[in-house]
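Spelled out from the first residue to the last, the chains are:
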Amino acid sequence: MAAVAITAIGLLYGAVAAGAYPDKPVRFVVAYPPGGSADLIARVIGQRLADALQQPFVIDNRGGAGGMIGEELAARSAPDGHTLLLVSISHVVNPYLQAGMSYDPMRDLAPVSLLVSVPNVLVVHNSVPVKSVPELITLAKSKPGQLNYASSVGTSLHLAGELFKAMTGVNIVAVNFKGGGLAAADLQTGRVQLSFSVFQTGMALVKSGRLHALAITSAKRSQLLPELPAIAEFVPGYELTGWLGLLAPTGAPSAVVNKLSGEVSAILRTPDAQARLLALGADALGGTPEQFAAFRKNEFAKIAKLMSRINSKPESKK
């Protein structure tokens, strides 16, 4: 009877917590600098969550260290649902790149909802005399170590570039930035010749007239730019697609986590949000905490195989 009573009290507490949640502004930590694709997508979702839940969702950009600064901040926060965290693929990459992390991303951060998938696009500065992926491969092989690509440790930019190197045998050098938005200036001036940029950032640079797009990193062409080929059309088997997800400090009440997940999925089903995200190069996903947990576990295992295959570390820092 005591056990039943305790369970009932726990369920009642969870229901009350979910009903009252949120009762103050929510800190929405974005583990990347402002201006990049992740930041813009966070603002689309954060504003709609604020409208739905009648509390501000305050974006707190904590870029640097491949997302680990923001992740550690969230992992050390109170697990009451009033601190949330947006992460990318770097969330499951960092444990393979960094020794002695002060937190365990899989243990200390709990899935709320998968948000979007985000393909990358291979862009080159106009000063690079190539118009296709095969031409780029030929040029890179003729000038080993002379072409630089904008990267950010542990992100899809980094993984896409290193996978390209591993599968084509080219020697291009990573120049690392704290985020995709920070690489834009050097890309536009030609100080960095190419990038496997997040779609929205890369295509914005292409529209500036100083870069041109060669291909997309997803397995197939995107509905946004069906005329742009996939790298896989020239390098069979190549695929690297980024994603964004929403996490909370482990221990947040399950009722609150489920409420957030339901609100996010409802937002991602609306035509307005889908159109806005698609304009940023992102496909809306959503799903339950359990589905995101399974996805994260699979991504963690997949990245282990990828890191073993590329067997490389970034060559330089920016």
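Everything discussed here concerns the structure shown above.
Residues numbered from 1 in each chain as written. Predicted model: local features only at pLDDT ≥ 70, side-chain atom pairs only at ≥ 80, totals over all residues. Heavy atoms only, no water.

(A) Inspection of the overall build of the protein at higher detail. On a plain count of helices and strands, the protein comes out with 12 helices and 11 strands. A globule of 318 residues ought to have a C-alpha radius of gyration of about 20 Å, and the protein, at 20 Å, matches this closely. Each of the three principal axes of the protein carries a C-alpha extent, and together these read 75 × 40 × 30 Å. When burial is assessed residue by residue, the protein has 54% of its 318 residues classed as buried. Sequence-distant contacts, at least 24 apart, represent 79% of the contacts inside the protein between residues at least 6 apart. Accessible area of the protein: about 13,500 Å², with a carbon and sulfur share of 57%. For the protein, the separation between the mean place of its 28 positive charges and that of its 21 negative charges on side chains is 6 Å. (Helix = DSSP H or I, 4+ residues; strand = E, 2+ residues; numbered from the N terminus. Rg over C-alpha atoms; globule rule 2.2 N^0.38 Å. Buried < 20%, exposed > 50% of the residue type's maximum accessible area, 1.4 Å probe, protein only. Contact = heavy atoms within 4.5 Å. Areas by Shrake-Rupley, 256 points an atom, 1.4 Å probe, with all protein chains shown as cover. Lys, Arg positive; Asp, Glu negative; His and termini not counted. Charge placed at Lys NZ, Arg CZ, Asp CG, Glu CD.)

(B) Representation of the pattern of salt bridges within the structure. One pass over the full model with this rule turns up 9 salt bridges. Here D60 ties to R27 by a salt bridge, and the two come within 2.8 Å at their closest N and O atoms. Placement of D60 in strand β2 (residues 57-61) and of R27 in strand β1 (residues 26-30) is noted, with a sequence separation of 33 residues between them. Here R27 falls in the partly exposed class, since its relative accessible area comes to 31%. As a salt-bridge pair, R43 and D39 come within 3.0 Å of each other at their nearest N and O atoms. With a gap of 4 residues between them, R43 and D39 both fall in helix α2 (residues 37-53), about one helical turn apart. For R43, a relative accessible area of 38% translates into the label partly exposed. Each of the salt bridges in this network shares a partner with another, and the network as a whole consists of R27, D60 and R62. (Salt bridge = Lys/Arg side-chain N within 4 Å of Asp/Glu carboxyl O.)

(C) Summary view of the packing of α2 against helix α10 (residues 254-268). At a closest axis distance of 10 Å, the pairing of α2 and α10 adopts a crossing angle of 115 degrees. By the criterion of interaxial angle, the relationship of α2 to α10 is roughly perpendicular. Of the two possible hands of crossing, α2 and α10 adopt the one that is right-handed. Along its contact with α2, which presents I45, R48, L49, A52 and L53, the element α10 presents K259, L260, E263, V264, I267 and L268. Of the residues assigned to the contact of α2 with α10, the class counts are 8 nonpolar, no polar and 3 charged. (Axes fitted to C-alpha atoms, helices over the stretch in contact; angles between N-to-C directions. Parallel < 35°, antiparallel > 145°, perpendicular 65-115°, else oblique. Left-handed = near helix turned anticlockwise from the far one by under 90°. Nonpolar A, V, L, I, M, F, W, Y, C, P; charged D, E, K, R; others polar.)

(D) Examining the side chain of S197 more closely. Its place among the elements puts S197 in strand β7 (residues 194-198). The class of S197 is buried, set by a relative accessible area of 4%. For S197, the residues in contact, after removing those within four places along its chain, are N120, V121, V123, L157 and G202.

(E) View of unusual backbone geometry. Omega for the bond connecting Y21 with P22 falls within 30 degrees of zero, at -15 degrees, which places this linkage in the cis form. Structurally, the position occupied by P22 is in the loop between α1 (2-20) and β1. A positive phi angle, close to 60 degrees, is found at Q54, a residue other than glycine. By the element assignment, Q54 lies in the loop between α2 and β2. For Q54, a relative accessible area of 64% puts it in the exposed group. Not every positive phi belongs to a glycine, and A65 is a case in point at roughly 55 degrees.

(F) Spotlight on helix α9 (residues 199-207). The buried count for α9 comes to 7 of 9 residues, which makes it a mostly enclosed element. Taken residue by residue, α9 has F199, Q200, T201, G202, M203, L205 and V206 as its buried positions. Once α9 ends, the next one or two residues include G209, with phi positive near 90 degrees.

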